[in-house]
Amino acid sequence: MPHAQELLNDLNAEQRRAVTHGDGPQLIVAGAGTGKTTVITKRIAWLILDRAVPVDGILALTFTEKAAGEMEERIDRLLPYGYVDLWVSTFHHFCDRLLRAHALDIGLPHDYRLLDPTAAWLLMRKHLDAFALDYYRPRGNPTKFLHALHQHFSRCKDEAVTPEDYLQYAQGLRLDADHPDLATADGGEVARLEELAHAYHVYQQLLLANHAIDFGDLLVYTLQLLRDRPAILARYRQQFQHILVDEFQDTIWAQYEIVNLLAAPANNLSVVGDDDQSVYAFRGAAMSNILHFKEDFPDAVETAITVNYRSKQEILDAAYTLIQENNPARLEVTLKLPKRLTANAGRGGAVEVLRGADSQVEAQLVADRIAALRIAGVESQDIAILVRANSQADQFLPILAARGIPAIHLASRGLYRTAPVLDILAYLQILDNVHESPAFYRVLNIPVLGFTYEELLLLSSWASRRSISLYEACRNAAEIEGIQQETLTKVTVVLERIARNAELARHAPVRDVILAFLNDADIGYLRDMTDEETVEDHERVQYLNAFWKRVEQFEDGADEPTTRNFMEIMRLEREAGETGALPMDTQAGPDAVRILTIHASKGLEFRHVFVVNMVQLRFPASNHADAIPLVDALTKVIMPDGDTHLQEERRLCYVAATRAKDGLTFTFADDYGGARARKPSRFLAELGCTVPEVSAERKAHHRAQARAAMVPRVPQHALPKKLSFTQVQDYLTCPWMYHYRHILKIPISMDGKGAISFGKTIHRTLERFFAHTLSQRSAQQTSLLGDTPPSGVAVPTLARLLELYREAWVDDWYLNATEREKASAHGMTFLRKFYAQHERDGWPTVAAVEQPFTIKFGDVSVAGSIDRVDALPSGGVALVDYKTGKRPARLDRDQKRQLFIYQIAARQSLHKEPEVLMYYYFDDKPSEQFLGSDRDLEQLEETVVGTHTSIMREEFAPDPDPQKCRRCEYQHICPFSKAKA
């Protein structure tokens, strides 16, 4: 593992300067492909290893969970030892973490619900009358209106504008009749703004009344916390000795203010950005916060990184020619910083334009070129088709499929339109009303049911002639002339399943109804999509996993999680325009061409890139301003001169071009439908490209070739970056079960698993119970893991322990009320014995609860958390894990493995010597204590490293055993199961 100096060995001079910057503010302008993430992660590691900054003394903020995860993963590889708490996250996750810890300090409930835009829309729709609107009163369907209003409130929060600020501005206009923002003499503009301010206030009150906040509130309330509670601000200023901000050009004002507050007064703040790649900032704000940064920190060190490690020089030159059209609204002009990129890979890149007579020919030209690249040895996953809008992908998918070219459309939205989700929703719909013929037809069309087109046509035609539902036609199918016995058998299977599951849907949670459909052995829906793991199968499983998360989210917040209530929520969401979030991982799936939007491609790279639909009004796209714009007086954005929309589209084209390593191809067609031919995009000329003439010969391409079967393989993104104890145990139990649970992530039914809920309840109870003593020690300014355990800390009463138990109760997954009540009473007995034992024998000095850790075995990281760490008078620690299950007669080495991991974690991450390992079982017998020997820990390391190696080699051979298979949740779909043997 590298030490501080070794971190710098492979850096160029510009990167090294940025990494080794000492104290004070620093502006790093890092161009496309110049190793921005390398600079950030190595700077963090350098600060830790060279400057001895504590791991939790560095705050790194970025914009996506994926970017934060990648950053943390790289830092993990750079550090030669484990660590406890690394603060690398998105802005919103960081703010959520602060607010969860300090919500009560500003009057927020600590258990607030975080609403996404759709949930906020539903709340506004439910209370529409409370807004008392006149100017903005919707005349018809309020859907689009409410979205516009919510977007306006979000823009206010971006700029840290509160309802009070808004109202004060509007009332100020009323007092100043000559104000330039006052559009009419009769005060109509003032009334409009006052109405918006009032609506904003009402919206905020609705959120608080429902114990909820939205994503914008995370920023606004964090600002309020830091501004109004100086002691809390001082605490985090002292903790975060250095702050780094990635993608700084896309920060909004509220985020910038949070960073400024935390960084002062030392101002050890490094911001990394590139104005030419600003594609997410509010329109025109590409340089705004960078310019604010220069105003606030005029002496900041500036470092421009211009050596590109991705693209060939021809590609970089074309992109540079294009982006200079944005001058003078670029940092290269305003700050006199060098921005021209030099290719480390040298020359040899290809930049060209393909032109088709129509959209189908354009798609065929792209397919031809991709086919040639694949023959030349380029892997499909090294090829990307970048579209300006997701809808444009539909032009290319069928052509690629016909040519046998595997492709994945990576969209961020549209889950509710995918085939598996449509199948499930249709099935749930007919369980509620079997006479919904469109839904019934959708279900009959599910491929695994085996109905042919002719059979479906016969059934639907007979139903139409008799003016009955398709369900009734199936019930009376024996009367249809010419129907075959094979068809009647299929119909019988469907009707039996519907009847059985309709009864289930009347009383069971919707998750159980869905799982009954997915796991039905006679239908085989889930088994069908896990047999081969083709590109299509992998996509279907991903969609199913994403939908399952939505089902769980519904059940967590629903008083009655029935099928009917779930379908009503789905109806309202679709009415709101919600299409469902899709899993967005560019590395997902087998070797296939990636089709994705240019926005989603930011930060990625491919050997060959096709930027398509390069015509006016498609790219650059039309300008769509906010429906309710925020007045300029309430923003802090420094707006550049020129056409800001065109500048933003040009930056987007620059991002697209700089994703390519070896080849960059722009394509367009003369005809996309409509009366007039389309004009080539102005960007083609700005790139220095020559637009070719249409070749009629290129129109002849085959369109019906079946897609080639894909070789099954595990998607690389699903292989673990870190292992957990559970992952190790699952793999050792059965590699194929690990594959189902951790690779495919197939949902399982929790029905009847009340023991899991009970275990969660006990863990939560004791965590909160001992957290009381921890907070007292914190108040005494004693380190939780200090050398000398503090004394004289009061322990909460038994009554308080039982109260915490009731508050922490998890009510899910019990078979019935009797089982739930029995478990509840059992827990009370457990805790009374627990309290009596410690009153008699003495209370431990608890140093930490749910202590997270990451440890290293060579290059293998293992993450987890320890239930309880007790400080001992000797300076060592005791590590405790609670067990609510049945105590084994004797613990063998394998059963001790979890605590052996904790033993290593205490040494590596906590820097404490464990003297006792203990599983605390809640029964009358003494809990067993032990300590791992050097040989035990060596064998554990061999086991973990060996498991990791096998997983990374994709060794998932099944290990069927009748006893294990009977306990396996996947026995109904596993082709190797011996559960019935």
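Each value, and the rule that gives it
Residues numbered from 1 in each chain as written. Predicted model: local features only at pLDDT ≥ 70, side-chain atom pairs only at ≥ 80, totals over all residues. Heavy atoms only, no water. Pairing = 2+ DSSP bridges. Helix = DSSP H or I, 4+ residues; strand = E, 2+ residues; numbered from the N terminus. Expected span 1.5 Å × (residues − 1). Buried < 20%, exposed > 50% of the residue type's maximum accessible area, 1.4 Å probe, protein only. Contact = heavy atoms within 4.5 Å. Right-handed = clockwise from strand over helix to strand, strands pointing away. Axes fitted to C-alpha atoms, helices over the stretch in contact; angles between N-to-C directions. Parallel < 35°, antiparallel > 145°, perpendicular 65-115°, else oblique. Left-handed = near helix turned anticlockwise from the far one by under 90°. Nonpolar A, V, L, I, M, F, W, Y, C, P; charged D, E, K, R; others polar. Salt bridge = Lys/Arg side-chain N within 4 Å of Asp/Glu carboxyl O. Patch = residues over 30% accessible without salt bridge, like charges linked within 9 Å, V, L, I, M, F, W, Y side chains within 5 Å. Areas by Shrake-Rupley, 256 points an atom, 1.4 Å probe, with all protein chains shown as cover. Core = buried A, V, L, I, M, F, W, Y, C linked by side-chain atoms within 4.5 Å. Phe/Tyr/Trp six-rings, centres within 6.5 Å; stacked < 30°, edge-to-face > 60°. Arc of directions from axis to C-beta. pLDDT = per-residue confidence, 0-100.

1. A closer look at the sheet that holds strand 17 (residues 845-857)
At step 1: Strand order in the open sheet formed by five strands is 17-18-19-20-21, and the pairing between neighbours is mixed. The sheet terminates laterally at strand 17 and strand 21 (929-930), the two strands that pair on one side only.
At step 2: The pairing of strand 17 with strand 18 (residues 860-871) spans eleven bridges and is antiparallel. Bridge pairing in strand 18 places Val849 opposite Arg868.

2. Points about helix 17 (residues 419-432)
At step 1: In a regular helix each residue adds 1.5 Å, so 14 residues correspond to 20 Å; helix 17 covers 20 Å between its end C-alpha atoms and thus fits that length.
At step 2: A large share of helix 17 lies buried, amounting to ten of its 14 residues.
At step 3: Among the residues making up helix 17, those that are buried are Pro420, Val421, Asp423, Ile424, Leu425, Ala426, Tyr427, Leu428, Ile430 and Leu431.
At step 4: Tucked inside the fold, the buried residues of helix 17 contact helix 18 (437-444), helix 21 (485-505), helix 22 (510-518), helix 23 (525-528), helix 24 (535-557) and helix 25 (563-575).

3. Observations concerning the pairing of strand 2 (residues 58-62)
At step 1: For strand 2, the tally of buried residues reaches five of five residues, placing the bulk of the element in the interior.
At step 2: Side chains Ile58, Ala60 and Thr62 project from strand 2 onto one buried face, and the interleaved Leu59 and Leu61 project onto a second face that is buried too.
At step 3: Bridge count for strand 2 against strand 6 (residues 242-245) is four bridges, and the pairing is parallel. When the sheet's bridge partners are listed, Ala60 is paired in strand 6 with Leu244.
At step 4: Both strand 2 and strand 3 (residues 87-90) contribute to a ladder of four bridges, which runs parallel. Bridging from a neighbouring strand, Leu59 pairs with Trp87 of strand 3.
At step 5: After leaving strand 2, the chain enters helix 3 (residues 65-78) and then returns to the sheet as strand 3, a path that is right-handed.

4. Looking at the packing of helix 21 against helix 22
At step 1: Two elements in contact, helix 21 and helix 22, have axes separated by 9 Å at closest approach and are oriented at 165 degrees. As summarised for this structure, helix 21 and helix 22 are arranged roughly antiparallel, according to the angle between their axes. Between helix 21 and helix 22 the crossing geometry is right-handed. For the pair helix 21 and helix 22, contact is made by Asn501, Leu504 and Ala505 and by Asp512, Val513, Ala516 and Phe517, respectively.
At step 2: Classifying every residue of the contact of helix 21 with helix 22 by side-chain character gives five nonpolar, one polar and one charged.

5. With respect to the pattern of salt bridges
At step 1: A full pass over the atoms with the stated rule returns 57 salt bridges.
At step 2: One salt-bridge network, in which partners are shared between bridges, spans Asp274, Asp275, Asp276, Arg330, Glu332 and Lys339.

6. Some points on a nonpolar patch on the surface
At step 1: The grouping of Tyr441, Tyr453 and Leu457 at the surface amounts to a nonpolar patch, some 320 Å² of accessible area in total.
At step 2: Along the polypeptide, Leu457 turns up in helix 19 (residues 453-466).

7. Description of the side chain of Asp881
At step 1: By the element assignment, Asp881 lies in strand 19 (residues 877-883).
At step 2: By relative accessible area, Asp881 is classed as buried at 3%.
At step 3: Setting aside residues up to four positions removed in sequence, Asp881 forms contacts with Asp867, Gln898, Leu899, Tyr902, Met918, Tyr919 and Tyr920.

8. Notes on the sheet that holds strand 8 (residues 301-305)
At step 1: If you trace the six strands from one edge of the open sheet to the other, you get 3-2-6-7-1-8, paired in parallel fashion. At either end of the open sheet lies a strand with only one pairing partner, and these are strand 3 and strand 8. Averaged over all neighbouring strand pairs, the angle between strand axes comes to 15 degrees, with direction disregarded.
At step 2: Contacting strand 2 and strand 3, helix 3 runs over the sheet at an angle of about 160 degrees to strand 3.

9. Considering the nonpolar core
At step 1: The biggest cluster of nonpolar side chains holds 59 residues, and the ones touching the most others in it are Leu428, Phe440, Leu444, Leu459, Ile514, Phe547 and Phe566.
At step 2: Non-local contacts of Leu459, meaning those with residues more than four positions away in its chain, are made with Leu444, Phe451, Leu470, Ala473, Cys474, Ala477, Ile480, Ile483 and Val491.
At step 3: By size, the runner-up hydrophobic cluster in this structure holds 51 residues, among which are Leu27, Tyr221, Leu226 and Ala304.

10. Looking at the side chain of Gln26
At step 1: Assignment of secondary structure puts Gln26 in strand 1 (residues 26-30).
At step 2: On the basis of relative accessibility, which here comes to 0%, the residue Gln26 falls in the buried class.
At step 3: Setting aside anything within four residues of it in sequence, one finds Gln26 in contact with Arg17, Ala18, His21, Arg43, Leu269, Ser270, Val271, Phe293, Ala300, Val301 and Thr303.

11. What about the environment of Ala170?
At step 1: Here Ala170 shows up in helix 7 (residues 163-175).
At step 2: Remark: the alpha-carbon pair of Ala170 and Glu189, spanning 19 residues in sequence, is separated by 8.8 Å.

12. Details of unusual backbone geometry
At step 1: Between Ala264 and Pro265 the backbone carries a cis peptide bond, its omega angle lying at -5 degrees.
At step 2: Mapped onto the elements, Pro265 comes out in the loop between helix 11 (253-263) and strand 7 (269-273).
At step 3: Cis peptide bonds are those with omega within 30 degrees of zero, and the linkage from Asn327 to Pro328 qualifies with 5 degrees.
At step 4: With respect to the helices and strands, the residue Pro328 is situated in the loop between helix 13 (313-323) and helix 14 (331-334).
At step 5: Backbone geometry places Glu247, a non-glycine residue, at a positive phi of 50 degrees.

13. Description of the packing of aromatic side chains
At step 1: Applying the stated rule across the entire model yields 36 aromatic pairs.
At step 2: Measuring from centroid to centroid gives 5.7 Å for Phe248 and Tyr256, while their planes differ by 65 degrees, and the two rings are edge-to-face.
At step 3: Looking at Tyr256, the relative accessible area reads 1%, which means it is buried.
At step 4: Measuring from centroid to centroid gives 5.1 Å for Phe769 and Phe770, while their planes differ by 75 degrees, and the two rings are edge-to-face.

14. Quick notes on helix 18
At step 1: Every buried residue of helix 18 is listed here: Ala439, Phe440, Val443 and Leu444. The arc that holds the buried residues of helix 18, viewed along the axis, is 140 degrees, so those residues lie on one side.
At step 2: Tucked inside the fold, the buried residues of helix 18 contact helix 17, helix 19, helix 20 (470-475) and helix 21.

15. Some remarks on the confidence of the model for the protein chain
At step 1: The predicted model of the protein chain averages 86 in pLDDT, with 90% of residues at 70 or higher.
At step 2: By mean pLDDT, the top-scoring element of the protein chain is strand 15 (residues 606-611) (98), and the lowest-scoring one is helix 36 (residues 962-967) (78).
At step 3: Residue range residues 779-784 is modelled with pLDDT below 50. Its contacts to residues more than four positions away, or to other chains, number eight contacts.
At step 4: For residues 786-790, every residue scores under 50 in pLDDT, and the model assigns this stretch eleven contacts once sequence neighbours within four places are set aside.

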